[in-house]
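Take a look at the letters that make up each chain.
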Amino acid sequence: MNIRTFTNADYDSIVEIRNGLNIVWPAWPRDPAAWREIDRNRDPKCAFQRWVAEEDGKVVGAASRGRRLDDYHPQKFYINIEVPAACRNHGIGTALYDRLMEDIQPFEPRVLRTDILENQIQSYPFMQKRGFKEVWRETPVHLDVAGFDPTPYAGIEAKLHTEGITITSMHALEGDPQRDRKAYELYIALCRDVPSEYEEFTVFPYEDWVKMCLQDPSTDLDAFFIVTQGDRYIALHELGPDSQGKELLGSLMGTLPEFRGRQIGLALMVRAITFAKERNLPVFKTCTAVTNKPMQSIFNRLGFGRDPEWLQCQKDIEG
């Protein structure tokens, strides 16, 4: 077995491995072209690197490390190791992990994070043995858009209108010269407030947010909904279609505390489902913390199905 640095010729192999693991969340494209596009648009400060394990000319595993713009710290890294089920228990994962840890040492890492899904829970003992522990858990959900009946919720937005509250999109708000700054300030306020995997939320710069949320090639400003009352931005729902045009994917959704209790969150979810129908996206996927009871209640009310829970595991490295 040989561990080597990833090359452009390896995209087909690593995407095939990922697709074979049936990882439903965090959602990633199922085609190599979209992976190439993601890699081309990574911010250089995120220090991303990938390796593959090769046996007899065939890629039998992959590993990567990098930082995240929305959780940036020069000594915090997100790592990932994937080995096909048929190739496990042959030392491949161990060799990839050892290579990754050797590479990362010059950065003097203090925190490592990795994702594990319940349907791949056999990975947990592997990471636990190496000092990782579960620190966060979320519930991925999905909805069959065609089967959703919006009729019972038809009056919610109309009621909000009587209170001067309107759901619109970032695209429709392009005439507001302060749009991006106001959306960023709302985004940060919500990140501080919603249940989160971060022990302490670190505010990331406005410039990083613009790159991550507005300038990414996959961003669709028609699918980034903002709730306004007059000139004030009071809630948002960040959405986007997947690379194959088969799914609508949800990200951050939240409402400022003083505007809660008015069914704004429910209205945003119904608007998202309506958007999916209009775009012929048959499935809507999103996620929330297992502890986020209001969102769990909305999912139950609207008929979302549950997928295997998503665990984030962390290793703290003493200096």
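Now for a look at the structure at hand. The structure displayed is predicted, hence computed values, not measured ones. (Residues numbered from 1 in each chain as written. Predicted model: local features only at pLDDT ≥ 70, side-chain atom pairs only at ≥ 80, totals over all residues. Heavy atoms only, no water.)

## Some remarks on the overall build of the protein chain
Thinking step 1. A count of helices and strands for the protein chain gives nine helices and 13 strands.
Thinking step 2. Computed over its C-alpha atoms, the radius of gyration of the protein chain comes to 21 Å, within 12% of the 20 Å expected for a compact globule of 319 residues.
Thinking step 3. If one aligns the C-alpha atoms of the protein chain with their principal axes, the spans along those axes are about 65 × 40 × 35 Å.
Thinking step 4. Here the protein chain holds 319 residues, and the buried ones make up 50% of them.
Thinking step 5. For the protein chain, the proportion of contacts with a sequence separation of at least 24, taken over those separated by at least 6, is 69%.
Thinking step 6. Element-wise, carbon and sulfur atoms account for 48% of the exposed surface of the protein chain, whose accessible area totals about 15,300 Å².
Thinking step 7. Taking the 39 positively charged and 48 negatively charged side chains of the protein chain as two groups, their mean positions are separated by 2 Å. (Helix = DSSP H or I, 4+ residues; strand = E, 2+ residues; numbered from the N terminus. Rg over C-alpha atoms; globule rule 2.2 N^0.38 Å. Buried < 20%, exposed > 50% of the residue type's maximum accessible area, 1.4 Å probe, protein only. Contact = heavy atoms within 4.5 Å. Areas by Shrake-Rupley, 256 points an atom, 1.4 Å probe, with all protein chains shown as cover. Lys, Arg positive; Asp, Glu negative; His and termini not counted. Charge placed at Lys NZ, Arg CZ, Asp CG, Glu CD.)

## What about helix 8 (residues 264-278)?
Thinking step 1. Across its 15 residues, helix 8 extends 21 Å between first and last C-alpha, which sits within 8% of the 21 Å expected from 1.5 Å per residue.
Thinking step 2. Taking burial as the measure, the 15 residues of helix 8 include eleven buried ones, the bulk of the element.
Thinking step 3. Within helix 8, burial applies to I264, G265, L266, A267, L268, M269, V270, A272, I273, F275 and A276. (Expected span 1.5 Å × (residues − 1).)

## Looking at the packing of helix 6 (residues 179-193) against helix 7 (residues 206-214)
Thinking step 1. Closest axis-to-axis distance for the helix 6/helix 7 pair is 11 Å, and the angle between their directions is 95°. Considering their axes alone, helix 6 and helix 7 lie roughly perpendicular with respect to each other. Side by side, helix 6 and helix 7 meet where D180, R181, A183, Y184 and Y187 of the first sit next to Y206, W209, M212, C213 and L214 of the second.
Thinking step 2. Here the residues of the contact of helix 6 with helix 7 sort into eight nonpolar, no polar and two charged. (Axes fitted to C-alpha atoms, helices over the stretch in contact; angles between N-to-C directions. Parallel < 35°, antiparallel > 145°, perpendicular 65-115°, else oblique. Nonpolar A, V, L, I, M, F, W, Y, C, P; charged D, E, K, R; others polar.)

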